Amino acid sequence: VLLKKHKDKLDAEAIQMLEFMLNSSKRFETIVASLKQYTKADSGRLHIERVSLNKLIDQVLNDLKILIKITQANIKVNSLPDIETDKVKLKIVFHHIIENALKYKSNKVPEILIDGTTEKGVVTILIADNGLGIAPEHIERIQEPFARLHSKFEIEGIGLGLPLCQKIMKRLNGDFHLKSDTGKGTNVLVTLPLKIK
């Protein structure tokens, strides 16, 4: 409001300083909100319900439709089973994984495949992309809070997405693995019981 109201009366340096303060404030709000989400990820009662994984993925893709349009990504979703789990928590996981596949794209048009297999009461969901990829020696480190391989000026983020996914997957009695290499895209494997015991 201050910037809009007095923009005509301020010089370029003052405007730049106000814009910097505004951006810093927004980033701080994002960090606080992300920290709250991270600290609460493995606490509280689970709300178990029957969940169509295909419908859940459709909701996530709809939430990310602007980013999908900007990147012109091609996303293929194969048939996935229904499971019994906490829909809200699992949606957060898929949101972060797919958003990362779009954000960390290479110079190619993003290609994302989402597929699943079921065996002995366990479903394994693969989210594969053709993005920048991650050097194997960095895979463990980027799953630690605030660890990043790119600066905030290159790719926006604060380094809590993957650690948050890890915490949620443990809470859902599941697992979460990354397989990747530089320039070869990333495969994320999400493993979940068909029914939480």
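Quick look at the structure, then.

Topic: the overall build of the protein chain
Line of reasoning, step 1. In terms of regular secondary structure, the protein chain is built from 6 helices and 7 strands.
Line of reasoning, step 2. Secondary structure elements of the protein chain occur, N-terminal to C-terminal, as α-α-β-α-α-β-β-α-β-β-α-β-β.
Line of reasoning, step 3. Among the 197 residues that make up the protein chain, the fraction classed as buried is 37%.
Line of reasoning, step 4. Sequence separation of 24 or more characterises 70% of the internal contacts of the protein chain that already satisfy a separation of 6 or more.
Line of reasoning, step 5. Surface accessibility of the protein chain: about 12100 Å² in total, with carbon and sulfur atoms responsible for 54%.

Points about the nonpolar core
Line of reasoning, step 1. Counting 37 residues, the largest nonpolar core has Leu90 and Ile127 as its most contacted members.
Line of reasoning, step 2. Of all the elements in the fold, those that place two or more residues in this core are α3 (53-63), α5 (87-103), β4 (111-119), β5 (122-129), α6 (161-171), β6 (175-180) and β7 (186-193).
Line of reasoning, step 3. Here this core takes 7 residues from α5, the largest share from any one element.
Line of reasoning, step 4. If sequence neighbours within four positions are ignored, leucine 90 has contacts with Leu53, Leu56, Ile83, Thr85, Met169, Leu172 and Leu192.

Digging into the pairing of β5
Line of reasoning, step 1. Bridge count for β4 against β5 is 8 bridges, and the pairing is antiparallel. Within β5, the position partnered with threonine 118 by the bridge is valine 123.
Line of reasoning, step 2. Count of turn residues in the β4/β5 antiparallel hairpin: 2 residues, of which lysine 120 carries a positive phi of about 50 degrees.
Line of reasoning, step 3. In this structure, β5 lies alongside β7, joined through 7 bridges in antiparallel fashion. Within the sheet, the bridge partner assigned to threonine 124 lies in β7 and is threonine 191.

Thoughts on the pairing of β4
Line of reasoning, step 1. As paired strands, strand β2 (residues 74-77) and β4 are joined by 4 bridges and run parallel to one another. Paired with isoleucine 75 across the strands is isoleucine 112, a residue of β4.

Quick look at the sheet that holds β5
Line of reasoning, step 1. With mixed pairing, 5 strands are arranged side by side in an open sheet as β2-β4-β5-β7-β6. Every other strand in the sheet has two partners, leaving β2 and β6 as the edge strands with one partner each. Neighbouring strand axes in the sheet, compared pairwise and without regard to direction, differ in orientation by 15 degrees on average.
Line of reasoning, step 2. The strands touched by α5 are β4, β5, β6 and β7; relative to β5, the strand with the most contacts, the crossing angle is about 25 degrees.

Thoughts on α3
Line of reasoning, step 1. By the burial criterion, the buried members of α3 are Leu53, Leu56, Ile57, Val60 and Leu61. Seen along its axis, α3 keeps its buried residues to an arc of 140 degrees; they face one direction.

Some details on α5
Line of reasoning, step 1. Given a rise of 1.5 Å per residue, 17 residues ought to cover 24 Å, and the 24 Å separating the end C-alpha atoms of α5 matches this to within 8%.
Line of reasoning, step 2. When α5 is considered as a whole, its buried residues turn out to be Lys89, Leu90, Val93, Phe94, His96, Ile97, Ile98, Asn100, Ala101 and Leu102.
Line of reasoning, step 3. One side-chain oxygen at the N-terminal end of α5 lies 3.2 Å from the backbone nitrogen of valine 88; it belongs to aspartate 86.

Cut-off values and rules
Residues numbered from 1 in each chain as written. Predicted model: local features only at pLDDT ≥ 70, side-chain atom pairs only at ≥ 80, totals over all residues. Heavy atoms only, no water. Helix = DSSP H or I, 4+ residues; strand = E, 2+ residues; numbered from the N terminus. Buried < 20%, exposed > 50% of the residue type's maximum accessible area, 1.4 Å probe, protein only. Contact = heavy atoms within 4.5 Å. Areas by Shrake-Rupley, 256 points an atom, 1.4 Å probe, with all protein chains shown as cover. Core = buried A, V, L, I, M, F, W, Y, C linked by side-chain atoms within 4.5 Å. Pairing = 2+ DSSP bridges. Axes fitted to C-alpha atoms, helices over the stretch in contact; angles between N-to-C directions. Arc of directions from axis to C-beta. Expected span 1.5 Å × (residues − 1). Polar contact = N/O pair within 3.5 Å; in protein donor to acceptor, adjacent residues only side chain to side chain.

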